[in-house]
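# A structural walkthrough
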Amino acid sequence: MTYCLAIKLDEGLVLASDSRTNAGVDYASVYSKMYRFDLHQDRFMVLLSAGNLATTQAVVNQLRRDLENPASMMNLNTAPYLFDAATYVGNVSVSAQQSHSLAMQRSGISTEASFILGGQIQGQPPEIFLIYPQGNAITPSLDTPYLQIGETKYGKPVLVRTMAAGLSLEDAARCALVSLDSTMKSNISVGPPLELMIYRTDSFQVGHYLNFDVSSTFYNDMRNQWCEGIRSAFDRLPRFDWEVPPGVEAVN
């Protein structure tokens, strides 16, 4: 399992992911879930993945082979809209799943994978698409400007309470890290290193890329301050009528 998150804002995009693909008492494997592609200067795209690792690697490898093949009728460079690129990724994903589905089903293993495609094509606004294992895709709403895949439930509360399209990229990036950290605290199947990417509208290049492990000073400072802030907010919650206010001695 893994957790990936993409946020669409007025200023651009924020994309984040963990790197754990399997977990157990004595075993954990680490693979990047964030894939960048060498595209024409008029476009920028990043793919986040969750699900069966063999499927996700097969999809990414096929996308890269199509980019290198001049005879390819469809690839990330020829898609006229980002939605077309998302549909293309979905078709490649379905094909990769079907090629091994019977053998994997006999072993009780799912071949399903889901993706988030984020980016921009010149003349169009930045967009993000969640691509389901069945190949279809959705985009976020104005009220909910983010998409999640993988282990989504633990990191969602902070997004629901803070996320809005007008948020700065930096604030959204901090929110994404808190969302990932909250998930790691609740589920062993999500773990470091964490990858964070910021893309600014019309730049067609990575604005900032950061990789955080457990020893990262910035990440640990952020996590500690978030925990302290939650404890402080909890201590300031209203008291019940029968409780003695803090600092006042009870009357016998």
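In case you missed it, the structure is sitting above this.
Once that is clear, we can look at the pairing of strand S8 (residues 127–131). A large share of S8 lies buried, amounting to five of its five residues. Alternating residues of S8 divide into Glu127, Phe129 and Ile131 and Ile128 and Leu130, and every residue in both groups is buried. Taken together, the five bridges between strand S7 (residues 113–121) and S8 define a ladder with antiparallel strand orientation. Bridge pairing in S8 places Ile116 opposite Leu130. Between S7 and the antiparallel strand that follows it, S8, lie five residues; Gly123 among them carries a positive phi value of about 90°. As judged from the two bridges shared by S8 and strand S9 (residues 137–138), these two strands associate in the antiparallel manner. Residue Leu130 lies in a different strand from S9, and its bridge partner there is Ile138. Between S8 and S9, which follow one another and run antiparallel, lie five residues, and Gly135 among them has a positive phi close to 100°.

Before going further, it helps to spend a moment on the nonpolar core. If you look at the biggest cluster of nonpolar residues, it comprises 26 residues, and the most contacted ones within it are Ile7, Val14, Leu159, Met163 and Leu196. Considering each element in turn, this core owes the most residues, nine residues, to helix H4 (residues 169–186). Here Val14 is in contact with Leu5, Ala6, Ile7, Leu9, Leu169, Ala172, Ala173, Ala176, Leu196, Met197 and Ile198, once residues within four sequence places are set aside. Residues Leu39, Leu63, Val92 and Phe129 belong to the second largest nonpolar core, which totals 23 residues.

Taken in spatial order, the five strands of this open sheet run S5-S6-S7-S8-S9, and their pairing is antiparallel. Because the sheet does not close on itself, it has two edges, and the strands there are strand S5 (34–36) and S9.

For helix H1 (residues 53–68), with 16 residues, the first-to-last C-alpha span of 23 Å sits near the 22 Å given by 1.5 Å per residue. All of the buried residues along H1 are Thr55, Thr56, Val59, Val60, Leu63 and Asp66. On an axial view of H1, the arc spanned by its buried residues comes to 130°, and they lie on one face. Set apart from the buried face of H1 by more than 90 degrees, the exposed residues are Ala54 and Glu68. N-cap assignment for H1: the residue whose side-chain oxygen lies 3.0 Å from the backbone N of Ala54 is Asn52.

If you walk across this open sheet you meet the five strands as S10-S1-S2-S11-S12, and the pairing is antiparallel. A strand with exactly one partner marks an edge of an open sheet, and here the two such strands are strand S10 (146–150) and strand S12 (208–212). Along the sheet, successive strands turn relative to each other by an average axial angle of 10°, direction set aside. Note that strand S11 (residues 194–200) and S12 share five bridges and pair antiparallel. Counted as the bridge partner of Leu196 is Leu210 from S12.

This part takes up the packing of H4 against helix H5 (residues 217–235). Close contact between H4 and H5 brings their axes to 11 Å; oriented N to C, the two are set at 75°. On the basis of their axis angle, the class for H4 and H5 is roughly perpendicular. On the side of H4, the interface is formed by Arg174, Leu177, Val178, Asp181, Ser182, Met184 and Lys185, while H5 contributes Phe218, Tyr219, Met222, Arg223, Trp226 and Cys227. In the contact of H4 with H5, the residues fall into eight nonpolar, one polar and four charged.

Turning our attention to the packing of aromatic side chains. Aromatic ring pairs are defined here through the distance separating the ring centres and the angle between the ring planes. Considering all chains together, one arrives at five aromatic pairs under this definition. Their ring planes at 35° and their centres at 6.5 Å tell us that Phe212 and Tyr219 sit as a pair that is tilted. Neither Phe212 nor Tyr219 differs from the other in exposure class; each is buried. On the numbers, 4.7 Å between centres and 0° between planes, the contact of Phe240 with Trp242 is stacked. The pair formed by Phe240 and Trp242 is uniform in burial state, with each residue classed as exposed. Grouping aromatic residues by their ring pairs yields a cluster made of Phe212, Phe218 and Tyr219. Above the ring of Tyr209, the side-chain terminus of Arg36 is found at 4.6 Å from the ring centroid.

Calculation notes
Residues numbered from 1 in each chain as written. Predicted model: local features only at pLDDT ≥ 70, side-chain atom pairs only at ≥ 80, totals over all residues. Heavy atoms only, no water. Buried < 20%, exposed > 50% of the residue type's maximum accessible area, 1.4 Å probe, protein only. Helix = DSSP H or I, 4+ residues; strand = E, 2+ residues; numbered from the N terminus. Pairing = 2+ DSSP bridges. Core = buried A, V, L, I, M, F, W, Y, C linked by side-chain atoms within 4.5 Å. Contact = heavy atoms within 4.5 Å. Expected span 1.5 Å × (residues − 1). Arc of directions from axis to C-beta. Polar contact = N/O pair within 3.5 Å; in protein donor to acceptor, adjacent residues only side chain to side chain. Axes fitted to C-alpha atoms, helices over the stretch in contact; angles between N-to-C directions. Parallel < 35°, antiparallel > 145°, perpendicular 65-115°, else oblique. Nonpolar A, V, L, I, M, F, W, Y, C, P; charged D, E, K, R; others polar. Phe/Tyr/Trp six-rings, centres within 6.5 Å; stacked < 30°, edge-to-face > 60°. Lys NZ or Arg CZ within 6 Å of the ring centre and 35° of its normal.

Just distances and angles here, no functional claims.
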